[in-house]
Amino acid sequence: MRGRNHLKAVLSDEEVYNEAAMEAFPVYNKSHMICLEMPSRAGDVIVSSYSEITENEYLDPRSAQVAIVDHVKQICTKVRPANDEELPSSYIEEYRYALDAEIQRYVSESYPKGVSAVNCVKGKDADGPGSDFELVVIITAMKLSPQNFCNGSWRSVWNIDFQDESQVLNIKGKLQVGAHYFEEGNVELDAKNEFQDSTIFQSADDCAIGIANIIRHHETEYLAALEVAYSKLPDNTFKDLRRKLPVTRTLFPWQNTLQFSLTREVEKELGLGK
Amino acid sequence: MEAALGLLRRMPPKQSETALSALLSLLPQHSSDLLSQVDLPLQVLRDIESGKDFILCEYNRDADSYRSPWSNKYYPLLEDALYPSSELRKLEVEANDIFAIYRDQYYEGGISSVYMWEDVNEGFVACFLIKKDGSKSGHGRRGCLEEGAWDAIHVIQVGPEEEEMAQYCLTSTIMLSLTTDDESSGKFGLSGSIRRQMKMELAVAEGHLCNMGRMIEELEGKLRNSLDQVYFGKTREMVCTLRPPAEIVQMRLPDT
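Residues numbered from 1 in each chain as written. Chains lettered and ligands numbered in written order. Predicted model: local features only at pLDDT ≥ 70, side-chain atom pairs only at ≥ 80, totals over all residues. Heavy atoms only, no water.

### Concerning the overall build of chain B
Then step 1. When you go through chain B residue by residue, the secondary structure sums to six helices and 10 strands.
Then step 2. Principal-axis analysis of the C-alpha atoms places the extent of chain B at approximately 80 × 45 × 40 Å.
Then step 3. Out of the 256 residues in chain B, the part that is buried amounts to 51%.
Then step 4. The contacts of chain B with a sequence gap of at least 6 include a subset with a gap of at least 24, amounting to 50%.
Then step 5. As displayed, chain B offers around 12,200 Å² of accessible surface, 51% of which is attributable to carbon and sulfur atoms.
Then step 6. Averaging the positions of the 27 positive and the 41 negative side-chain charges in chain B gives two centres separated by 8 Å. (Helix = DSSP H or I, 4+ residues; strand = E, 2+ residues; numbered from the N terminus. Buried < 20%, exposed > 50% of the residue type's maximum accessible area, 1.4 Å probe, protein only. Contact = heavy atoms within 4.5 Å. Areas by Shrake-Rupley, 256 points an atom, 1.4 Å probe, with all protein chains shown as cover. Lys, Arg positive; Asp, Glu negative; His and termini not counted. Charge placed at Lys NZ, Arg CZ, Asp CG, Glu CD.)

### Some remarks on the interface of chain B and chain A
Then step 1. On the side of chain A, 77 residues touch chain B, which itself brings 87 residues to the contact.
Then step 2. Here chain B meets chain A over a buried area of about 7,500 Å², counting both sides, of which 63% is carbon and sulfur.
Then step 3. For chain B, the biggest contributors to the area lost against chain A are B:R224, B:L242 and B:R243; these three give 11% of the whole.
Then step 4. Our count for the contact surface shared by chain B and chain A stands at four salt bridges.
Then step 5. Between B:E220 and A:R242 there is a salt bridge whose closest N-O contact spans 2.8 Å.
Then step 6. Applying the counting criterion to the chain B and chain A interface returns 30 residue pairs in polar contact (both at pLDDT 80 or more).
Then step 7. Counting only elements with at least two residues in the side of chain B that touches chain A, the list comes to α1 (2-10), α2 (16-26), α4 (86-107), β8 (147-158), β9 (165-182), β10 (186-203), α5 (208-242) and α6 (246-251) of chain B. (Buried area = accessible area lost by both parts, 1.4 Å probe. Salt bridge = Lys/Arg side-chain N within 4 Å of Asp/Glu carboxyl O. Polar contact = N/O pair within 3.5 Å; in protein donor to acceptor, adjacent residues only side chain to side chain.)

### Brief notes about the domain arrangement of chain A
Residue and element names in this part refer to chain A.
Then step 1. As far as domains go, chain A holds domain 1 (1-87) and domain 2 (88-245).
Then step 2. The centre of domain 1, based on its C-alpha atoms, is set 22 Å off from the matching centre of domain 2.
Then step 3. Contact between domain 1 and domain 2 buries roughly 1,500 Å² in total, counting both sides, with carbon and sulfur atoms accounting for 61%.
Then step 4. For domain 1, the biggest contributors to the area lost against domain 2 are M33, Y50 and R62; these three give 42% of the whole.
Then step 5. At the boundary of domain 1 and domain 2, one finds one salt bridge.
Then step 6. For D100, the salt bridge is made with R62, and the minimal N-O distance between the two is 2.8 Å.
Then step 7. Here domain 1 and domain 2 share five residue pairs in polar contact (both at pLDDT 80 or more) between them.
Then step 8. Here the residues of the side of domain 1 that touches domain 2 are counted per class, giving eight nonpolar, four polar and four charged. (Domains from an automatic or database assignment. Nonpolar A, V, L, I, M, F, W, Y, C, P; charged D, E, K, R; others polar.)

### Some thoughts on a negative patch on the surface
Then step 1. A grouping of B:E122, B:E161, B:E162, B:E163, B:E164 and B:E201 is seen on the molecular surface, where their side chains present a negatively charged patch.
Then step 2. Among the structural elements, B:E161 can be located in the loop between β8 and β9. (Patch = residues over 30% accessible without salt bridge, like charges linked within 9 Å, V, L, I, M, F, W, Y side chains within 5 Å.)

### Regarding unusual backbone geometry
Trans is the common state for peptide bonds, and a negative phi is the common state for residues other than glycine.
Then step 1. In this structure, the amide linkage connecting B:Y75 to the following residue, B:P76, adopts the cis form with an omega of -15 degrees.
Then step 2. Along the chain, B:P76 falls in the loop between β5 (74-75) and α4.
Then step 3. With a phi angle near 55 degrees, A:A64 is a residue other than glycine that sits in the positive phi range.
Then step 4. Mapped onto the elements of the fold, A:A64 is located in the loop between β4 (57-60) and β5 (65-70).
Then step 5. Take A:A64: its relative accessible area is 27%, and that puts it in the partly exposed class.

### Description of the state of the cysteines
Then step 1. Tallied over the entire structure, the rule returns zero disulfides over all chains.
Then step 2. Summary of cysteine pairing: B:C169 is not part of a disulfide, and the nearest cysteine sulfur, belonging to B:C127, is at 13 Å. (Disulfide = S-S within 2.5 Å.)

### Brief notes about the nonpolar core
Then step 1. By size, the foremost hydrophobic cluster in this structure holds 93 residues, and its most contacted members are A:F162, B:F128 and B:M212.
Then step 2. Ignoring any residue separated from it by four or fewer positions in sequence, one finds B:F128 in contact with B:A95, B:F99, B:S113, B:V114, B:A152, B:I153, B:H154, B:I156, B:L209, B:M212 and B:I216.
Then step 3. B:I55, B:Y115, B:L129 and B:M175 belong to the second-largest nonpolar core, a separate cluster that totals 15 residues. (Core = buried A, V, L, I, M, F, W, Y, C linked by side-chain atoms within 4.5 Å.)

### Focus on the sheet that holds strand β6 (residues 75-81) of chain A
Residues and elements named next belong to chain A.
Then step 1. Strand order across the open sheet formed by four strands is β3-β4-β5-β6, with antiparallel pairing between neighbours. In the strand order of this sheet, the two ends are held by β3 (52-54) and β6, each with one partner. Pairwise comparison of adjacent strand axes, ignoring direction, gives a mean angle of 35 degrees for this sheet.
Then step 2. Bridge analysis of β3 against β4 gives two bridges, and the strand direction is antiparallel. For T54, the partnering residue across the bridge sits in β4 and is E57. (Pairing = 2+ DSSP bridges. Axes fitted to C-alpha atoms, helices over the stretch in contact; angles between N-to-C directions.)

### Remarks on the packing of aromatic side chains
Pairs of aromatic rings are described using the distance from one ring centre to the other and the angle between the two planes.
Then step 1. Within this structure, the stated rule accounts for 28 aromatic pairs over all chains.
Then step 2. Geometrically, the ring pair formed by A:Y230 and B:F188 is edge-to-face, given 5.1 Å between the ring centres and 85 degrees between the ring planes. One end of the pair, A:Y230, is in helix α4 (residues 204-237); the other, B:F188, is in strand β10, on a second chain.
Then step 3. Cluster of aromatic residues (ring-pair linked, three or more members): A:Y106, A:Y111, A:W154, A:W158, A:F195 and A:Y222.
Then step 4. Residue placement shows A:R242 over the ring face of B:Y106; its charged tip is 4.1 Å from the ring centre.
Then step 5. Here B:R224 stacks its cationic end above the ring of A:F238, 4.4 Å away from the centre of that ring. (Phe/Tyr/Trp six-rings, centres within 6.5 Å; stacked < 30°, edge-to-face > 60°. Lys NZ or Arg CZ within 6 Å of the ring centre and 35° of its normal.)

### Re the domain arrangement of chain B
Then step 1. The domain architecture assigned to chain B consists of domain 1 (1-36) and domain 2 (84-242).
Then step 2. One C-alpha centre belongs to domain 1 of chain B, the other to domain 2 of chain B, and the line joining them spans 23 Å.

### A short note on empty space enclosed by the protein
Residue and element names in this part refer to chain A.
Then step 1. What the rule picks out here adds up to one cavity of 30 Å³ or more.
Then step 2. Its volume calculated, the largest cavity comes out at about 40 Å³.
Then step 3. In terms of lining residues, the largest cavity is bounded by D44, V45, I46, D60, R62, V115, S116 and A117.
Then step 4. Looking at the lining of the largest cavity, the elements that each hand over two or more residues are β2 (44-46) and β7 (114-122).
Then step 5. In terms of residue class, the lining of the largest cavity is made up of four nonpolar, one polar and three charged.
Then step 6. When residues are assigned to domains, the lining of the largest cavity turns out to be shared by domain 1 (1-87) and domain 2 (88-245), each giving three or more. (1 Å grid on protein atoms, 1.4 Å probe; cavity = no way out; pocket = protein on both sides within 12 Å on 5 of 7 lines; lining within 4 Å. Points joined across faces, edges and corners; volume = space filled by probe spheres on them.)

### Observations regarding the layout of surface pockets
Then step 1. Its volume calculated, the second largest pocket comes out at about 850 Å³.
Then step 2. In terms of lining residues, the second largest pocket is bounded by 34 residues, among which A:N186, B:L8, B:V38, B:D39 and B:S193 are the most central.
Then step 3. Sorting the residues of the lining of the second largest pocket by element identifies α1, α2, β8, β9 and β10 of chain B as the ones contributing at least two each.
Then step 4. Ranked by residues supplied to the lining of the second largest pocket, first place goes to β10(B) with six residues.
Then step 5. Per-class residue counts for the lining of the second largest pocket are 12 nonpolar, 11 polar and 11 charged.

Right, dumping it as structure tokens:
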């Protein structure tokens, strides 16, 4: 909020600010996949390109509601029930629903403040076996704590491509983790990685369990890999920028500098040296 | 101005260059303030006469030219340019030679430059700069870093000598950015900047260079430590807050 007031002060023009904000906020909100509370305890909705119906309308597939969003205020102002055209067929919904339930269970176990959604992004009208479709699992966890000078976010996007002919599910994941600490300084972590996997096309419930296990596996491994990257920092990675101690392993002999300069002086006078 | 600095403080360090240029075009009346308050990665120029690289900063700039500490010449050539007094230039030459050794011992590579100029209060100001490219393709000995940049700026004000003593006020800024890339952890990047001050009153018996050097070594070491332990540590803590470590999860796992 203070950032916003600072921005207003710098621009010193309400109209310019509003115009810039109208353009910038939707882009930011979607790419950061912010999560907004829907009114009258309808749950949360994730603002993302996967759930976007129009620029201000986002589908919450779990509750089959459409959230009307104010991007600049970052709130959900209203909800309306989704139309039939906006929802997947009952065949797809069976897969989506089962996966959503498994992912919710996993997220509640692994992310203290995590939110998830499963959207169908391709082939949502398929009325039975015989066609391909694609589900997207979104997991986000965000912690904003400006009073402690730190913010952080975890974003996972898993695309699951259900290949009907080969009876294979191709799974692709993109994980992105950011953390920003800015008390008397300014340091940012920016980490991302991508994963690929596959499993067999089975019943909705078996698919859901299989996919959730794959996601859990990769995300757990990734977190462990981040820990390894951090643990390598002090003695390895960071050393390539600056060592903790000089190559001599003792502090620099500044007391000799006077001597060093005098010697050079003498050398110069005697016409020695360079 | 305060608002602009507030915004810059919130910007991710990697975007500070973009943010600064945006603010400069919005607030041209504050351009000199902004430029002096915000540190950007150091630039380097080749001194053709000595064949060595030197670092550019506000302290060796006159008009659009920069003075090399090696040949004492301005690039591009500049007439009626400012130079330090011959006495101070002597200290500057020594400082450059010694600081290059210091730099080599701590950084195993990199570029350093020291600039000095007379101060209004009969003392002088010295600026010690180090730039290191620690990437695999640069001066990274261990080859761990895809990308690795370290810029250190130490500005030290030295007061006039009084009864064999002098006041030293050091302001050090470190800017860094590092990225590793391997299959399991993917792209892992940390970047940031930090600035601290240190004031001391010291006997000048061992020479200014010795006093300034010790202060720089101490503060630079402290900054490196706090980046490593406090700042990197805080981002690590944040990651663990978002998704607590694997052991806890694994205990509840087997689901097959």
